[in-house]
Amino acid sequence: LVIAFLGFGGLFTALILLIMSAVCMGNVRQDEAKGHVDNLLIQPIRRSSWLAKRLILIIVMTSTISLLTGYLVWQIAAFQNVHIDLWIMTQNSIALIGTIVLTVGIGATAYGLLPRLTAIVMYAVIIWAFVVDVLKSFFSLGDFIDKTSLLHYVSFAPTKAPDWQTFAWLICVGLLLSVIGIVGFARRDIVTE
């Protein structure tokens, strides 16, 4: 029962980190919409470099929080005399980073191609992931629908090691989408409100 409760806490941790990445991408868009980056982008800084640095900052920030959260859960469990392997908790925290990179990549693509829809696209992806995760506990959803949820690729059981091949795919797809977004941003005009 305690392990199930910790797994449920992992679900909320993942959702909070995904929402945090969506808020950060929304703030990047908001800076452009309000005209705050106009003066910066006319300087000798490249637009692609500016966006890449923002994406890296978002990924590093959420990844650090994921790792610290995993350690904190392990520490709290140890204080309560619940044995959880720290290495498996760390692996699950690292595996969550793959889902975060994919989410940021989706947001970067939306930002590069359809900047006004960036936050909407990211929140839609996160809401879809949560709805599918809730519905699959009540109904038998098809395998295709289940795999469209970002949460399908996150291991919430603190006793089960993650699938590293899936993690590698999530990172690769997320980075590819980020590159598409960076190229799209470098080629488009600044879109204000």
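Since we're looking at a predicted model, the values are computed, not measured.

(A) Structural detail: the nonpolar core. Ranked by size, the top nonpolar core spans 33 residues in total, and within it Trp50, Leu51, Leu55, Tyr111 and Leu151 carry the most contacts. Only α1 (2-33), α3 (47-79), α4 (86-113), α5 (118-138) and α7 (164-187) provide two or more residues apiece to this core. With 9 residues, α1 is the single largest residue contributor to this core. When neighbours within four sequence positions are excluded, leucine 51 is seen to be in contact with Val28, Tyr111, Gly181, Ile182 and Phe185.

(B) Main features of the side chain of aspartate 146. Along the chain, the position of aspartate 146 falls in helix α6 (residues 143-147). Accessibility expressed as a relative area gives 14% for aspartate 146, which makes it buried. When residues no more than four places from it in sequence are discounted, the contact partners of aspartate 146 are Val132, Lys136 and His152.

(C) Here's a closer look at the layout of surface pockets. Here the largest pocket defines a volume of roughly 240 Å³. In terms of lining, the largest pocket is formed by 14 residues, of which the most central are His152, Tyr153, Val154, Ser155 and Lys160. Looking at which element gives the most residues to the lining of the largest pocket, the answer is α7, with 3 residues. Split into classes, the residues belonging to the lining of the largest pocket amount to 9 nonpolar, 3 polar and 2 charged.

(D) Inspection of the packing of aromatic side chains at higher detail. A full pass over the atoms with the stated rule returns 4 aromatic pairs. With a centroid separation of 5.3 Å and an interplanar angle of 85 degrees, the aromatic rings of tryptophan 164 and phenylalanine 167 are classed as edge-to-face. One end of the pair is tryptophan 164 and the other is phenylalanine 167, both in helix α7 and 3 residues apart, which spans about a single turn. The class of phenylalanine 167 is buried, set by a relative accessible area of 18%. Taking the ring centre of phenylalanine 185 as reference, the NZ or CZ of arginine 47 above it sits at 4.5 Å. Over the ring of tyrosine 111 we find arginine 188; its NZ or CZ atom is 4.9 Å from the centre of that ring.

(E) Fine view of the packing of α4 against α7. At their nearest, the axes of α4 and α7 sit 7 Å apart, and the two run at 25 degrees to each other. Judged by the inter-axis angle, α4 sits roughly parallel to α7. Note that α4 runs across α7; the crossing there is left-handed.

(F) Up close: the confidence of the model for the protein chain. This prediction gives the protein chain a mean pLDDT of 86; 92% of its residues lie at or above 70. Looking over the protein chain, one finds the lowest element-wise mean pLDDT in helix α2 (residues 38-41), namely 66, and the highest in α7, namely 94.

(G) Here's a closer look at unusual backbone geometry. With a phi close to 60 degrees, asparagine 81 is a non-glycine residue in the positive phi region. If you trace the backbone, asparagine 81 turns up in the loop between α3 and α4. Asparagine 81 sits in the exposed class, given a relative accessible area of 74%.

(H) Region of interest: empty space enclosed by the protein. Evaluated as defined, the whole model comprises 1 cavity of 30 Å³ or more. What the largest cavity holds in volume is close to 220 Å³. Every residue lining the largest cavity is counted, 17 residues in all, and those nearest its centre are Gly10, Met89, Asn92, Ser93 and Ser155. For the lining of the largest cavity, the secondary-structure elements that each account for two or more residues are α1, α3 and α4. Within the lining of the largest cavity, the residues separate by chemical class into 8 nonpolar, 9 polar and no charged.

(I) Representation of a nonpolar patch on the surface within the structure. Among the surface-exposed residues, Phe12, Ile16, Ile19, Val23, Tyr123, Ile127, Phe130, Val131, Val134, Leu135, Phe138 and Phe139 lie close enough to one another that they form a single nonpolar patch of about 1,100 Å² accessible area. Counting residues per element, the nonpolar patch draws most heavily on α5, which supplies 7 residues. Structurally, isoleucine 16 is set in helix α1. You can call isoleucine 16 exposed: its relative accessible area is 53%.

Criteria and thresholds
- Residues numbered from 1 in each chain as written.
- Predicted model: local features only at pLDDT ≥ 70, side-chain atom pairs only at ≥ 80, totals over all residues.
- Heavy atoms only, no water.
- Core = buried A, V, L, I, M, F, W, Y, C linked by side-chain atoms within 4.5 Å.
- Buried < 20%, exposed > 50% of the residue type's maximum accessible area, 1.4 Å probe, protein only.
- Helix = DSSP H or I, 4+ residues; strand = E, 2+ residues; numbered from the N terminus.
- Contact = heavy atoms within 4.5 Å.
- 1 Å grid on protein atoms, 1.4 Å probe; cavity = no way out; pocket = protein on both sides within 12 Å on 5 of 7 lines; lining within 4 Å.
- Points joined across faces, edges and corners; volume = space filled by probe spheres on them.
- Nonpolar A, V, L, I, M, F, W, Y, C, P; charged D, E, K, R; others polar.
- Phe/Tyr/Trp six-rings, centres within 6.5 Å; stacked < 30°, edge-to-face > 60°.
- Lys NZ or Arg CZ within 6 Å of the ring centre and 35° of its normal.
- Axes fitted to C-alpha atoms, helices over the stretch in contact; angles between N-to-C directions.
- Parallel < 35°, antiparallel > 145°, perpendicular 65-115°, else oblique.
- Left-handed = near helix turned anticlockwise from the far one by under 90°.
- pLDDT = per-residue confidence, 0-100.
- Patch = residues over 30% accessible without salt bridge, like charges linked within 9 Å, V, L, I, M, F, W, Y side chains within 5 Å.
- Areas by Shrake-Rupley, 256 points an atom, 1.4 Å probe, with all protein chains shown as cover.
- Salt bridge = Lys/Arg side-chain N within 4 Å of Asp/Glu carboxyl O.

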